[in-house]
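Chain and residue survey
Read off the chains here:
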Amino acid sequence: WSDAMDNSNYWPTGADQFTDINFVDGAMRLTGLTTTDGWRMTYPQETNFYLEAVFQVNDCSGNDRYGLISRVPVVTSPDRGYIFGFSCDGQYSLRRWNASVGTKGEMVNLVDWKTSAAINAGQSQTNRMGLMAIGDRLILYANGQLLTEVRDSAFATGYFGVFVGARETDNFTIRIDQIRLWEDPST
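This report concerns the structure included in the present document. (Residues numbered from 1 in each chain as written. Predicted model: local features only at pLDDT ≥ 70, side-chain atom pairs only at ≥ 80, totals over all residues. Heavy atoms only, no water.)

**Focus on unusual backbone geometry**
Put simply, Tyr43 and Pro44 share a cis peptide bond, and its omega is 15 degrees. Counting through the fold element by element, Pro44 comes out in strand E5 (residues 38-46). With phi around 60 degrees, Met5 is a residue other than glycine that occupies positive phi space. Within the element layout of this structure, Met5 appears in the loop between strand E1 (2-3) and strand E2 (14-15). (Helix = DSSP H or I, 4+ residues; strand = E, 2+ residues; numbered from the N terminus.)

The following block contains the structure:
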């Protein structure tokens, strides 16, 4: 599956409580409207996959963040899944989100925010983010370089999407030029 982001065929457009999304000049523009991470989902539903997206940032600072959300069980109710993120200052993390736990939900850091030279840090940068999921193995990549691998079995299958968090820059906007998905990378 591949989306060159030339149009909104696979994505909901317009603003919601957390994000605004539109398609301009052959790319998706996703803007964070709050400091809380917000995401937009698409399909297909997958179990074992390699997911890769090309992100571009212009104005950003420090903890402004963006990335992929995956293995979301219900596409119309994206309240659970894995959130793989990069920050403007060149860090990455992997978190497990489950809004159905407790009164405020549960966010578990599977990989705490850590710096990597593989991530192009700062303003006006492009990064290619990759996530391979095979069973309980979650393997993280930045610009073709392996970052780390973790194991977690909370979510075995689901839908995917992109996220943005305007932690320091008002209306922090990312540009997504392409998303590609390969099924069953273990075969």
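**Some words on the pattern of salt bridges**
Within the structure shown, the criterion is met by nine salt bridges. With a shortest N-O distance of 3.3 Å, Asp16 and Arg40 are connected by a salt bridge. Of the two residues, Asp16 sits in the loop between E2 and strand E3 (19-24) while Arg40 sits in strand E5, which places them 24 residues apart along the sequence. Classification of Arg40 as buried rests on a relative accessible area of 6%. In this structure, a network of salt bridges that share partners links the residues Asp37, Arg95 and Arg167. (Salt bridge = Lys/Arg side-chain N within 4 Å of Asp/Glu carboxyl O. Buried < 20%, exposed > 50% of the residue type's maximum accessible area, 1.4 Å probe, protein only.)

**A closer look at the packing of aromatic side chains**
Counting across every chain of the model gives nine aromatic pairs. Here the aromatic rings of Trp1 and Phe160 are separated by 5.4 Å at their centres, their planes lie at 80 degrees, and the arrangement is edge-to-face. Remark: Phe160 occurs in strand E14 (residues 158-165) and Trp1 occurs in the segment before E1; sequence separation between them is 159 residues. According to the relative accessible area criterion, Phe160 is buried, its value standing at 3%. On the basis of an interplanar angle of 40 degrees and a centroid distance of 5.5 Å, the ring pair of Tyr50 and Trp182 is categorised as tilted. Separated by 132 residues along the polypeptide, Tyr50 in strand E6 (residues 49-57) and Trp182 in strand E15 (residues 173-183) bring together distant segments of the chain. What makes Tyr50 buried here is its relative accessible area of 14%. An aromatic cluster is defined as three or more aromatic residues linked by ring pairs; in this entry it consists of Trp1, Tyr10, Tyr43 and Phe160. (Phe/Tyr/Trp six-rings, centres within 6.5 Å; stacked < 30°, edge-to-face > 60°.)

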